[in-house]
Amino acid sequence: MLNSSPFTKNKQSLSGLMTSVAWALLPGFIALFYFFGWGVVFNVVTCAVTCVLTEAAVLHLRKKPFIILKDYSALLTGVLLGLALPPLAPWWIAVIGSSFAILFAKQIYGGLGFNPFNPAMAGYVLLLISFPVAMTAWLPPQALAENNASFIDSLYIFLFSFDTHQHTLAYYRLGVDGFTMATPLDQLKTSKTMGYLISEVTNKAIFSDIVNVGWQWVNAGFLLGGIYLLVKKHIHYAIPVGVLVGLLFPALIFNGYSPDEYPSLIVHAFSGATMLGAFFIATDPVSAATTYKGRLIFGFGVGLITWLIRTFGGYPDAFAFAVLLMNMAVPLIDHFTQPTVYGYKTSPSQNEELNS
Amino acid sequence: MNSAPVQQRFNRSSLPTWVKVITRSFHGGVHPEEFKTISNQLPIDRLAQPEKIIVPLSQHLGNPATPIVSVGAEVIAGQLIAEAAGHLSVNIHAPYCGTIEKIETSFVAHPSGMDDLCIHIKTNDKEAVFRYPKISDYKNTEIDELVKRINEAGIAGLGGAGFPTHIKLGTQINTLIINAAECEPYISCDDKLLQEEPNEFVEAAICVAHIVNAEKIIIGIEDNKPEAIEKLIAAIESAHKKNQSDLIELHIVPTKYPSGGEKQLFELLTQKQLPPSIRPAQLGYLIHNVATIRAAYRAIVFGEPLTERVVTVTGDACPSPKNYWIKIGTRFADVLAQTESQHAQQMIMGGPMMGFEVKNSNAPVVKTTNCILLQKKAHQVQEQPCIRCGECATACPASLLPQQLYWFARSDNFEKAQEYHLSDCIECGACAYVCPSEIPLVQYYRYAKSKMKEQAIAKAKSEHAKERHEFREMRLAREKQERAEKHKQAALARKQAAEKKGIEDEKKATVADAVARAKARKQALTNKNNEND
Amino acid sequence: MMSVWIAVLILVGVAALFGALLGFGAVKFKVESDPIIDQINNILPQTQCGQCGYPGCKPYAEAIANGDQINKCPPGGEQGVKALADLLGREVIPLDESLEVSIPRVAVIREDECIGCTKCIQACPVDAIVGAAKLMHTVIESECTGCDLCVPPCPVDCIDMVPIKTSIKEWSWPNPNKKPDSSLMIDVKQVS
C-alpha cells in the first residue's frame with residue numbers, strides 16, 4: 001500500500017479527544033450529583049449504555065467493524081444527554097432519547113461525521129416534545145428539598161416510578177416550603193406570565209444563593225471543565241465565546257433597560273444549560289460551523305436564540321432548540337465565512353459574488 | 001528548542017542593524033518535534049566510494065537528460081554523461097571514475113515506486129577529475145558567461161523541487177532571498193553547511209546576487225539554529241567590512257513548520273503575500289536554497305560540476321545520525337551499509353512532513369535528496385471519519401479549508417475542490433499532522449490534483465480530436481461536392497456539345513445520338529447482310 | 001364579507017406582482033446556453049470509435065438527446081456517465097457490460113508488412129494516418145484516439161493497438177479511499 005507524507009503525527013487522536021471531553025464533564029457532573037442525587041448517575045449510565053449498545057447494533061447491521069465504537073463518540077453523546085435529563089425521570093425516557101439520538105440523529109445519516117444535527121440535542125428535543133411533563137419535572141436542590149431520596153429509593157423511582165414507601169416523584173419534588181419546586185428558569189417564566197416582577201421572583205427560596213441554589217455550582221463546574229478543554233486546545237474558543245456573548249449581551253442590555261422585566265446577566269449565565277451548552281454541546285464539531293468566523297456566528301446565534309426563547313418564548317430553557325436551529329444554518333454560514341486564502345485579497349465567497 | 005534561547009543569546013540591542021528578529025508569523029503552521037540535534041552535532045562526514053552507482057537521467061523538472069556516453073565507455077569523475085534535453089532540463093555528470101555498465105531503466109526514488117532510465121556506472125580507482133575552467137574574477141566576466149557555466153555544471157534547485165538554476169538566474173531582480181529556514185524535522189544539511197563554511201556561503205551569496213544584479217540579499221533562518229546564526233553574523237560582518245557596504249540582511253524567523261515554504265518565507269521576510277500564479281521573480285525577488293547557492297558559486301569559481309551534496313542520514317534506525325557528503329548516484333543500500341542502519345523498516349527521502357517513502361534500497365541518491373530518514377517502525381495511520389473539528393484549517397499555512405477539500409476530493413467533486421482553491425495547497429502536510437482522525441489528507445489532495453490534471457489533458461485531447469474529426473467531415477463533404485461539381489461540369493460540356501449540333505434538349509440530343517448510332521449500326525449490319533447475300 | 005374580498009384582492013395583487021417580477025427576471029437575466037446536443041458532445045471523449053453503435057460522437061450525442069442510454073461510451077468511462085447524468089438530470093448507471101472497457105491505446109502499423117492499400121486511412125475518423133497508395137502508411141501517435149476503427153479494414157492485419165505507457169512524470173497519486181475491500185473477498189475456509 002502506498003503511504004503519503006506526512007510520516008509523523010501529533011499526539012491528538014479521536015478517542016483521546018472524546019475521552020478528554022468526557023473527563024472534562026466531571027466537575028459539572030459531581031455538582032449535579034451533589035445537588036440532585038442519584039438520579040443523575042442513573043441517567044448518565046443508562047444513556048451511555050443505551051447509546052453504545054444502539055451504535056453497536058447499527059454497526060452490526062451495517063456490517064461495519066466494532067472497532068468504530070472505540071472512537072467513544074456514542075459514549076459521549078450518551079453522557080451529554082444523560083446530564084441534560086431531569087434526575088429521577090423514568091428509565092425509558094433515557095432509553096428512548098438515547099436510542100433515537102444514535103439511530104435517527106446519527107447513524108441514519110451515515111454515522112460519526114455525517115450527522116447534520118447534534119445527536120444529544122436531537123434526542124433531548126424529541127423527549128421534550130413527546131414527554132413534556134416528565135421532561136420538566138426537575139427535583140429541587142437537596143438543600144431545599146423536603147424529602148431527599150436515598151440510593152434505593154432513587155433506583156425504585158427511576159425503575160418503577162414508586163419508591164419503597166409507594167411515594168411517587170411528586171413527593172420528592174416538594175420544597176421545604178411544601179410546594180412543588182421548579183427550576184429557577186421555570187420559576188422565572190411562570191411567575192413572569194403571572195405578572196410578577198423579577199425582583200419579586202428572585203426573593204423566593206431557590207434564588208437565595210448568589211444566583212440560585214445549586215444551579216450556579218453546576219454551571220460553575222461545567223465552566224471549569226470547559227476552561228480545561230480550552231487550555232488543552234480540545235475545543236476552539238470561538239463557539240463558547242459566541243454563545244456567551246449571544247446570550248449575555250442582550251441580557252445585559254435588557255436588564256439595564258428594565259431590571260424588573262428581564263433577569264440579569266448573572267442569572268442567565270449560571271442557570272439551566274448555559275455552561276454545559278456553551279462548552280460541551282454547541283462545540284460538537286460535526287454539527288457546528290467549521291470556519292473561524294462561522295464558529296463565532298454559529299455560537300452567537302445559539303446564544304441569541306436561547307436568550308430569545310428564554311425571554312419571549314414558551315419554554316423556560318431553549319438550548320437544545322437553539323443548537324438544532326443553528327445546525328440547520330451551518331452549511332450557509334460555512335459557505336459565506338470562508339477564510340481568505342493565501343495570496344488572495346478577498347475570501348472565496350466574496351470572489352464568487354464579484355464574479356456573478 | 002524554541003525562540004527563547006536565541007532571543008537571549010542575541011540580545012536585540014546588541015545585534016547589528018542588518019540582523020532582524022522577525023516575530024510576526026504566517027497563518028497556521030505546526031510545531032512537530034524537531035529531532036535536529038541528533039544529526040547536527042558531528043561534523044559533515046564523507047562516505048567511501050561504492051563499487052557501483054546508478055545515475056538517474058531525470059533528477060529535475062523537465063525532460064530527462066539525453067545520455068551522451070555509450071555502454072562500455074570509460075568516464076572520469078566530473079565528466080558530462082548526459083546532456084540537457086530542452087528548456088527545463090539539466091546536464092548530468094559522472095560522480096566517480098568508472099565504466100558505463102548499462103543504460104537502462106531501474107528503480108529510482110519516486111513516490112510511484114516506478115522505474116526510470118538510469119546510467120549504471122561501475123566505479124574504479126582512477127583519480128582523474130574533470131573541472132570546467134575556473135572563473136575567479138566573476139565580477140569582470142559577462143553575466144551570460146556565468147549563467148552558461150551554471151547551466152553546464154548541471155545545477156538544479158537542491159531544496160527539493162529540482163528547478164534548473166540557470167533559468168532562475170537568467171532574470172534581473174531586486175532582492176535575493178536565501179532560504180536557510182530548513183523547517184522540516186530531522187533535516188540539518190543546510191544548517192551544517194552554514195556552520196562549517198559560513199564565509200564561503202556569504203561569498204557565494206554575493207556572487208549569485210551579482211549574477212542577478214540584486215541590490216539586497218536577505219537570508220531567512222529559523223531561530224533554532226543558534227550556531228549557524230552566530231557564524232553567519234560573523235561572516236556577514238567581515239564581508240560587509242571588505243565590501244564597504246551592508247548588502248546582506250539576516251532575518252531570524254520563529255521556528256514553525258513550514259516557514260521554509262517559498263510562500264511562507266516570502267511572507268515572513270517581506271510581510272507581503274505572493275499572489276497566486278505569480279512567481280517571486282515577477283515581483284523582483286528570487287528565492288534560493290543554501291546548498292544551491294553554494295553549488296552555483298563553486299561551479300563558477302572552481303569549475304565544479306554538481307556531483308555531490310550534503311545529505312542528512314538520520315532516524316531512530318540509524319545508529320550514527322550525521323550529515324554526509326554523498327555523491328549523486330550512490331544507492332541507498334550503500335548508504336545504509338556504510339552507516340550500519342540496515343535494520344530500518346521504512347526509508348523516507350526528504351523529511352517526515354513532505355518526504356516520500358522509498359521501498360527499494362536500490363534507489364540512488366539524486367540532486368534533490370536532502371535527507372534519508374530511517375525509521376525502526378513504519379508510520380501507519382488508521383483513517384477514521386472526519387468530525388470537522390477544524391484543526392486542519394487552523395494549521396493550514398495557506399488559509400484553506402482542508403476539511404472541505406477532503407470532502408470534495410473524496411467524492412471526486414474536483415470542480416468544487418478547485419472552487420475552494422485546491423491548487424493553492426502546498427502539500428505541506430500540516431493538516432494531516434494535526435488530524436485527530438488520522439485522515440491521509442495530503443494524499444487525497446494529491447489524488448485530486450493529479451486527477452484534475454489528467455482530466456484537463458483528456459479534455460484538451462478530446463477537443464483536438466473533435467476538431468480533427470470535424471475537419472475530416474468537412475473535407476469529405478467538400479470532396480463529395482467537388483465530385484458532384486465535376487459530374488455537373490461534364491454533363492454541361494455534353495450539353496454544350498449537343499447545342500452545337502443544333503438540338504435544344506440535351507436529353508433528346510443524347511437519345512437522338514443513341515438512336516442515330518443504333519441506326520447507323522443497323523444500317524451497317526443490313527449492308528453487311530446484303531453484301532453476304 | 002368585505003374582508004374576504006379584501007383578502008382575495010390582496011392575494012391576487014401579490015400573485016400578480018410576483019408573477020410580473022418573475023417574468024421580468026426570466027426575460028432580463030435569460031441565460032443563453034449551448035444547444036443540448038453540443039453540451040453532450042462536449043462531454044463525450046471524441047475518440048469517434050463507434051463502440052456506442054453510432055458513427056461517431058456527435059451522432060451518439062444526438063441519440064442521447066433523443067433519449068438513448070448514457071452508458072454506451074467505454075472510452076468516456078464512469079466519469080463520463082456521471083457527467084452526462086449530471087448534465088441531463090438522469091440516474092448514474094453502470095457502463096454497458098457488453099462493451100469492453102478500454103484502456104488508453106494507440107494504433108501502431110507494422111510498417112514492413114504494410115502493403116499501402118489506404119483502407120486504414122479512409123477508416124480513420126481523425127486523419128491520424130498518413131501515407132499514399134502503394135506506399136507504406138504510418139500513424140501519427142499524438143493524433144490517434146485509439147478507436148480501433150483502422151484495425152478491421154486492414155487486409156494484412158498489420159495494425160496493433162498498443163497500450164499507452166504512463167511514464168514516471170505522468171504518474172498519478174491513487175485515491176486513498178479505494179483500498180481493496182477484503183469484506184467482499186470470500187474466505188477460502190468458507191468455500192472448501
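All values derive from a computational prediction rather than experimental measurement.

Asks: Would you explain the overall build of chain A in this entry?
Replies: Counting secondary structure elements, chain A contains 18 helices and 0 strands. Computed over the C-alpha atoms, the radius of gyration of chain A is 21 Å, within 12% of the 21 Å expected from 2.2 N^0.38 for a compact globule of 356 residues. Counting all 356 residues of chain A, 56% fall into the buried class. Sequence-distant contacts in chain A: of pairs separated by 6 or more residues, those separated by 24 or more amount to 73%. Treating the 17 positive side-chain charges of chain A as one cloud and the 16 negative ones as another, the clouds have centres 16 Å apart.

Asks: Where do I start with the overall build of chain B in this structure?
Replies: Secondary structure assignment for chain B yields 15 helices and 18 strands. What you see for chain B is a C-alpha radius of gyration of 35 Å, clearly larger than the 24 Å of a compact globule of 533 residues, by over 25%. If one aligns the C-alpha atoms of chain B with their principal axes, the spans along those axes are about 135 × 60 × 55 Å. Per-residue burial for chain B yields a buried fraction of 54% across its 533 residues. Restricting to contacts in chain B with at least 6 residues of sequence separation, those with at least 24 account for 73%. Considering chain B, the positive charge centre built from 65 side chains and the negative charge centre built from 64 side chains are found 8 Å apart.

Asks: Please clarify how the interface of chain A and chain B should be interpreted in this entry.
Replies: Put simply, an interface is often sized by how much accessible area is lost when its parts join up. Taken together, the contacts link 38 residues of chain A with 52 residues of chain B. If you sort the residues of chain A by the area they bury against chain B, F7, K9 and Y342 of chain A come out on top, with a joint share of 23%. Residue R388 of chain B pairs with D334 of chain A through a salt bridge whose shortest N-O separation is 3.4 Å. Between the two partners, chain A and chain B, sit 21 residue pairs in polar contact (both at pLDDT 80 or more).

Asks: Quick question: what am I supposed to make of the sheet that holds strand β10 (residues 175-180) of chain B here?
Replies: Hydrogen bonds between backbone atoms are what pair the strands of a sheet, whose relative direction is either parallel or antiparallel. Residue and element names in this part refer to chain B. Spatial strand order, β1-β12-β11-β10-β13: 5 strands in an open sheet with parallel pairing. What marks the edges here is a single partner per strand, and that holds for β1 (19-21) and β13 (285-289). Between one strand axis and the next, the sheet turns through 20° on average, direction left out of account. Two elements, β10 and β13, share 5 bridges in a ladder whose sense is parallel. Its bridge partner lying in β13, N179 is registered against N289. Packing against the sheet, helix α5 (residues 198-211) makes contact with β10, β11 (216-222) and β12 (248-253), and its axis sits at approximately 145° to β10. Those strands touched by helix α8 (residues 290-301) are β10 and β13, and its axis lies near 90° from that of β13.

Asks: Looking at this model, I keep getting lost on the interface of chain B and chain C. Mind explaining?
Replies: On the chain C side, the residues contacting the 35 residues of chain B number 33 residues. At the junction of chain B and chain C, the tally comes to 3 salt bridges. Among the ionic pairs, R475 of chain B bridges to D127 of chain C, the shortest N-O distance being 3.4 Å. One can count 14 residue pairs in polar contact (both at pLDDT 80 or more) joining chain B with chain C. Among the secondary structure elements, those contributing two or more residues to the side of chain B that touches chain C are β9 (115-123) and α14 (441-500) of chain B. Ranked by residue count, the leading element in the side of chain B that touches chain C is α14 of chain B, at 19 residues. Taken together, the residues of the side of chain B that touches chain C break down into 9 nonpolar, 12 polar and 14 charged.

Asks: Explain a nonpolar patch on the surface here, please?
Replies: Residue and element names in this part refer to chain A. Taken together, the side chains of W38, W91, W92, I96, F151, I152, Y156, L159 and F160 present a nonpolar region at the surface, about 810 Å² in accessible area. Mapped onto the nonpolar patch, the elements with two or more residues apiece are α5 (91-105) and α8 (151-160). When residues in the nonpolar patch are grouped by element, the largest group, 5 residues, is from α8. Look at I96 and you get partly exposed, because its relative accessible area is 33%.

Asks: Explanation requested: the side chain of T311 of chain A in the structure shown.
Replies: The residue T311 of chain A is located in helix α16 (residues 292-312) in this model. Discounting residues that sit within four places of it in the chain, T311 of chain A has contacts with K189, K192, Y262 and H268 of chain A.

Asks: I keep staring at the side chain of Q264 of chain B and nothing clicks. Help me out?
Replies: Tracing the backbone shows Q264 of chain B in helix α7 (residues 262-270). The buried category is assigned to Q264 of chain B, whose relative accessible area is 1%. Aside from chain neighbours lying at most four places away, what touches Q264 of chain B is Y342 of chain A together with F26, P258, S259, P397, A398 and I426 of chain B.

Asks: Can you walk me through the nonpolar core in this structure?
Replies: One broad trend across soluble globular proteins is that nonpolar side chains are buried collectively. Ranked by internal contacts, the top residues of the largest apolar core, which has 83 residues, are L83, F280 and F298 of chain A. No other element matches helix α17 (residues 319-336) of chain A, which puts 9 residues into this core.

Asks: Can you help me understand the environment of A238 of chain A in this one?
Replies: All names here are of chain A. As for its placement among the helices and strands, A238 is situated in helix α13 (residues 238-257). Note on A238: relative accessible area 0%, which makes it buried. Each C-alpha atom, one on A238 and one on T54, is 32 Å from the other, the two residues being 184 residues apart in sequence. Apart from residues lying up to four places away in sequence, A238 is in contact with Y292, R295 and L296.

Asks: What exactly am I supposed to notice about the packing of aromatic side chains here?
Replies: Aromatic ring pairs are reported here in terms of the distance separating the ring centres and the angle at which the planes meet. Residue and element names in this part refer to chain A. Under the defined criterion, the tally for this structure stands at 29 aromatic pairs over all chains. Seen from their ring centres, F36 and W138 are 5.4 Å apart, and the 75° between their planes marks the pair as edge-to-face. Here W138 lies in the loop between α7 (132-136) and α8 and F36 lies in helix α2 (residues 26-36), a separation of 102 residues in the sequence. Both residues of the pair, F36 and W138, belong to the buried class. Pairing Y262 with F312 gives two aromatic rings, centres 6.3 Å apart and planes at 70°, and the pair type is edge-to-face.

Asks: Looking at this model, I keep getting lost on the pairing of strand β14 (residues 308-314) of chain B. Mind explaining?
Replies: Remark: a regular strand shows side chains that alternate across the two faces of the sheet. Residues and elements named next belong to chain B. With 7 of 7 residues buried, β14 is to be regarded as a mostly interior element. Every second residue of β14 is oriented toward a common face, with E308, V310, T312 and T314 on one face and R309, V311 and V313 on the other, all of them buried. Two elements, β14 and strand β15 (residues 322-327), share 6 bridges in a ladder whose sense is antiparallel. Bridge pairing links R309 to I326 in β15.

Asks: Explanation requested: the sheet that holds strand β8 (residues 98-107) of chain B in the structure shown.
Replies: All names here are of chain B. Across the sheet, which stays open at both edges, the 4 strands sit in the order β3-β9-β8-β5 with antiparallel pairing between neighbours. Where the open sheet ends on each side, the last strands, each with one partner, are β3 (52-56) and β5 (74-75). As paired elements, β8 and β9 share 9 bridges and run antiparallel to each other. Looking across to β9, one finds that T105 is bridged to L117.

Asks: When you look at α7 of chain B in this model, what are you seeing that I'm missing?
Replies: Two residues of an α-helix separated by three or four positions point the same way, owing to the 3.6 residues in each turn. Residue and element names in this part refer to chain B. Here α7 lies mainly inside the structure; 7 of its 9 residues are buried. The complete set of buried residues in α7 reads Q264, L265, F266, E267, L268, L269 and T270. Against the buried residues of α7 lie β10, β11, β12 and β13. Just downstream of α7 lies Q271, where phi reads positive at about 60°.

Asks: Would you explain the pattern of salt bridges in this entry?
Replies: Opposite charge on two side chains makes pairing possible when the charged atoms of those side chains draw close. Residues and elements named next belong to chain B. Taken as a whole and assessed by the stated rule, the structure comprises 34 salt bridges over all chains. Residues E249 and K216 are paired through a salt bridge, measuring 3.8 Å at the closest nitrogen-oxygen approach. Here the residue E249 occupies a position in strand β12, and K216 occupies one in strand β11, the gap between them amounting to 33 residues. Judged by its relative accessible area of 29%, K216 is partly exposed. Ionic contacts of the salt-bridge type, sharing partners, join the residues E197, E200, R294, R298 and E304 into one network.

Asks: I keep staring at a negative patch on the surface and nothing clicks. Help me out?
Replies: A surface patch of like charges, here negative, comprises E463, E467, E470 and E473 of chain B. One can find E463 of chain B in helix α14.

Asks: Would you take a moment to explain the confidence of the model for chain A for this structure?
Replies: In this model, chain A carries a mean pLDDT of 87, and residues with pLDDT of at least 70 account for 93%. No element of chain A has a lower mean pLDDT than helix α18 (residues 348-355) of chain A, which averages 56, and none a higher one than α5 of chain A, which averages 95.

Asks: Could you clarify how one ought to interpret unusual backbone geometry in this entry?
Replies: Excluding glycine, a negative phi dihedral is what most residues carry, and trans is how most peptide bonds are arranged. In this model, S5 of chain A is joined to P6 of chain A through a cis peptide bond whose omega is 0°. By secondary structure assignment, the location of P6 of chain A is in the segment before α1 (14-24). In this chain, Y257 of chain B is followed by P258 of chain B through a cis amide linkage whose omega measures 0°. Residue placement: P258 of chain B occurs in the loop between β12 and α7. Of note, the phi angle at H421 of chain B is positive, near 65°, even though the residue is not glycine. Note on H421 of chain B: relative accessible area 10%, which makes it buried.

Criteria and cut-off values
Residues numbered from 1 in each chain as written. Chains lettered and ligands numbered in written order. Predicted model: local features only at pLDDT ≥ 70, side-chain atom pairs only at ≥ 80, totals over all residues. Heavy atoms only, no water. Helix = DSSP H or I, 4+ residues; strand = E, 2+ residues; numbered from the N terminus. Rg over C-alpha atoms; globule rule 2.2 N^0.38 Å. Buried < 20%, exposed > 50% of the residue type's maximum accessible area, 1.4 Å probe, protein only. Contact = heavy atoms within 4.5 Å. Lys, Arg positive; Asp, Glu negative; His and termini not counted. Charge placed at Lys NZ, Arg CZ, Asp CG, Glu CD. Buried area = accessible area lost by both parts, 1.4 Å probe. Salt bridge = Lys/Arg side-chain N within 4 Å of Asp/Glu carboxyl O. Polar contact = N/O pair within 3.5 Å; in protein donor to acceptor, adjacent residues only side chain to side chain. Pairing = 2+ DSSP bridges. Axes fitted to C-alpha atoms, helices over the stretch in contact; angles between N-to-C directions. Nonpolar A, V, L, I, M, F, W, Y, C, P; charged D, E, K, R; others polar. Patch = residues over 30% accessible without salt bridge, like charges linked within 9 Å, V, L, I, M, F, W, Y side chains within 5 Å. Areas by Shrake-Rupley, 256 points an atom, 1.4 Å probe, with all protein chains shown as cover. Core = buried A, V, L, I, M, F, W, Y, C linked by side-chain atoms within 4.5 Å. Phe/Tyr/Trp six-rings, centres within 6.5 Å; stacked < 30°, edge-to-face > 60°. pLDDT = per-residue confidence, 0-100.

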